[in-house]
Amino acid sequence: DDRVVVAVDGPAGSGKSSVSKAVARKLGYAYLDTGAAYRAFAWHAQRADVELEDAASVASALPTFALAEATDPDDFFVRVGEHDVTEAIRGPSVTGVVSLVARVPEVRAALTAIFRRLAAETAQPGIVIEGRDITTAVAPDAPVRVLLTASEEVRMGRRSAELTGHSPEVVGEQLKARDRADSRVVDFMTAADGVTTVDSTELNFDETVDAVIAVIESRI
Ligand code: C5P
């Protein structure tokens, strides 16, 4: 298998999703948003009426979790069973509980297996996989591994610009709380051995995309 795997990790608001999607589009690669799968599982767990604070109860929703996630950057959707949850998983209700389900080891193991299968099934010459533990756990042997960072101030600014109608203070506090919770489970703030850091604090969107593509081209 000579498909190129590009692993991208980073904190919330680093621009990782939009940058990874643009990189995939430019190179004709597939695109896998792993955060969307964690969000879809959180959506499912909420409906399954599990006890979100209880790891065993959360894990009990795994056998009924029927995820369909597109890997086409131009035709992206996420489904759980017959429900299209592409929009719903971006809402505050899912965002508020996703860290609770993501910390459960059985959930991480099941989703990691799904990600590896989806990556192996893509027809494109390469795939950009984006998340929090891709460079370290999902695809530690990927030929290209990138940590996308930006200063906290810039990340909060970008995120509140996306979410119109929300106060920057509230968005900032939620983002920090989620990063804090997620950091207890996986370290996505420091680059692991062999991982290239791309700091987008001083870069605009196109420059960030080009910087990631430059890393890919230097590695393949
Ligand atoms: O990237 P996004 O903000 O959509 O991720 C949503 C949540 O999914 C994160 O806050 C984290 O709890 C979880 N996640 C994870 N590991 C990944 C990707 C996302 O734990 N690889």
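Preceding block: the structure.
Fair warning: this is a prediction, and the values are worked out from it, not measured in the lab.

## A look at the sheet that holds strand 1 (residues 4–9)
Stage number 1. With respect to topology, five strands assemble into an open sheet ordered 2-6-1-7-8, the strand pairing being parallel. Strands at the two margins of the open sheet, each flanked by one partner only, are strand 2 (30–33) and strand 8 (196–199). Across the sheet, the mean angle from the axis of one strand to that of its neighbour is 20 degrees, orientation sign disregarded.
Stage number 2. Across four bridges, the pairing between strand 2 and strand 6 (residues 126–131) is parallel. Bridging from a neighbouring strand, A30 pairs with I127 of strand 6.

## Observations regarding unusual backbone geometry
Stage number 1. One non-glycine residue, D49, lies in the positive phi region at around 65 degrees.
Stage number 2. Its place among the elements puts D49 in the loop between helix 2 (34–47) and helix 3 (55–59).
Stage number 3. Residue class for D49 comes out exposed when judged on its relative accessible area of 68%.

## Side note on the sheet that holds strand 3 (residues 67–69)
Stage number 1. The strand order 3-4-5 describes an open sheet built from three strands, whose pairing is antiparallel. For this open sheet the edge positions go to strand 3 and strand 5 (83–84), each flanked by a neighbour on one side alone.
Stage number 2. Pairing between strand 4 (residues 78–80) and strand 5: two bridges, direction antiparallel. Paired with R79 across the two strands is D84, which belongs to strand 5.
Stage number 3. Together, strand 3, strand 4 and strand 5 form the strand contacts of helix 2, whose direction differs from that of strand 4 by roughly 30 degrees.

## Some details on the site of the ligand
Stage number 1. In the vicinity of the ligand lie 16 residues, with R39, R108, D133, R178 and D182 positioned nearest.
Stage number 2. Within the contact set of the ligand, an oxygen atom lies 3.2 Å away from a side-chain nitrogen or oxygen of K16.
Stage number 3. One of the side-chain nitrogen or oxygen atoms of R178 is found 2.8 Å away from an oxygen atom of the ligand.
Stage number 4. Contact with the protein chains removes 97% of the 460 Å² of surface that the ligand exposes when unbound.
Stage number 5. Of all the elements in the fold, those that place two or more residues in the shell around the ligand are helix 2, helix 4 (92–102) and helix 8 (168–183).
Stage number 6. Tallying contributions element by element places helix 2 first for the shell around the ligand, with four residues.
Stage number 7. Class assignment for the residues of the shell around the ligand results in four nonpolar, four polar and eight charged.

## Observations concerning helix 5 (residues 105–121)
Helical geometry: 3.6 residues make up each α-helical turn, so side chains three or four residues apart lie on a common side.
Stage number 1. In a regular helix each residue adds 1.5 Å, so 17 residues correspond to 24 Å; helix 5 covers 24 Å between its end C-alpha atoms and thus fits that length.
Stage number 2. All of the buried residues along helix 5 are V107, R108, L111, T112, I114, F115, L118 and A119. Projection of helix 5 onto a plane perpendicular to its axis shows the buried side chains occupying an angular sector of 165 degrees, all on one side. For helix 5, the exposed residues lying more than 90 degrees away from the buried face are P105, A109 and E121.

## Some thoughts on the packing of aromatic side chains
Stage number 1. Using the criterion set out here, one finds three aromatic pairs in the structure.
Stage number 2. A ring pair is formed by Y38 and F115, whose centres lie 6.1 Å apart and whose planes are at 55 degrees; its orientation type is tilted. You can see Y38 sitting in helix 2 and its partner F115 sitting in helix 5, a full 77 residues away along the chain. An identical accessibility class is assigned to Y38 and F115; each is buried.
Stage number 3. Over the ring of F77 we find R79, and its NZ or CZ is 3.9 Å from the ring centre.
Stage number 4. Between R132 and the ring centre of F188, over which it is positioned, the NZ or CZ distance is 5.4 Å.

## Here we look at the pattern of salt bridges
Stage number 1. Evaluated as defined, the whole model comprises 11 salt bridges.
Stage number 2. Here R132 ties to D182 by a salt bridge, and the two come within 3.9 Å at their closest N and O atoms. In this pair, R132 sits in the loop between strand 6 and helix 6 (134–138) while D182 sits in helix 8, placing the two residues 50 residues apart along the sequence.
Stage number 3. When its relative accessible area of 15% is taken as the criterion, R132 is described as buried.
Stage number 4. When its relative accessible area of 11% is taken as the criterion, D182 is described as buried.
Stage number 5. R155 is the partner of D179 in a salt bridge, and the nearest nitrogen-oxygen pair spans 2.9 Å. Of this pair, D179 sits in helix 8 while R155 sits in helix 7 (residues 152–162), and the two are 24 residues apart along the sequence.
Stage number 6. Under the relative-accessibility criterion, D179 is labelled buried at 6%.

Rules used throughout
Throughout this document, residue positions are counted from 1 along each chain, in the order its sequence is written. Per-residue local features of the predicted model are confined to residues with pLDDT of at least 70, and side-chain atom pairs are confined, for both listing and counting, to 80 or more; whole-chain, interface and lining totals are unaffected and use all residues. With hydrogens and water excluded, all non-hydrogen atoms of the structure serve as input to the side-chain values. When DSSP locates at least two bridges between a pair of strands, those strands are taken to pair. The helix and strand labels rest on DSSP assignments: H or I over at least four residues marks a helix, E over at least two residues marks a strand, and numbering proceeds from the N terminus. To define axes, lines are fitted to C-alpha atoms, for helices over the stretch in contact only, and angles between the resulting N-to-C directions are given on a 0 to 180 degree scale. For each residue, the accessible area found with a 1.4 Å probe, counting protein chains only, is set against the maximum for its type, and the residue is called buried under 20%, exposed over 50%, and partly exposed in between. In what follows, a contact means two residues having at least one pair of non-hydrogen atoms within 4.5 Å. Here, proximity means that at least one heavy atom of the residue falls within 4 Å of the molecule or strand. Counting of polar contacts relies on pairs of N or O atoms within 3.5 Å, with two restrictions inside protein: one atom must be capable of donating a hydrogen and the other of accepting it, and residues adjacent in sequence are counted only when both atoms are side-chain atoms. With residues, only the protein chains shown are counted as cover, and all accessible areas are computed by Shrake-Rupley using a 1.4 Å probe. Think of it as three bins: nonpolar holds Ala, Val, Leu, Ile, Met, Phe, Trp, Tyr, Cys and Pro, charged holds Asp, Glu, Lys and Arg, and polar takes everything else, Gly as well. To estimate how far a helix should extend, the number of its residues minus one is multiplied by 1.5 Å. The arc in question is the one spanned by the directions pointing from the helix axis to the C-beta atoms. Geometry of aromatic contacts follows a simple scheme: Phe, Tyr and Trp rings, the Trp one being its six-membered ring, pair when their centres are within 6.5 Å, and the pair is stacked under 30 degrees between planes, edge-to-face over 60, tilted otherwise. The rule for a charge over a ring is simple: NZ of Lys or CZ of Arg within 6 Å of the ring centre, and within 35 degrees of the ring normal. Whenever Lys or Arg places a side-chain nitrogen within 4 Å of a carboxyl oxygen from Asp or Glu, that contact is recorded as a salt bridge.

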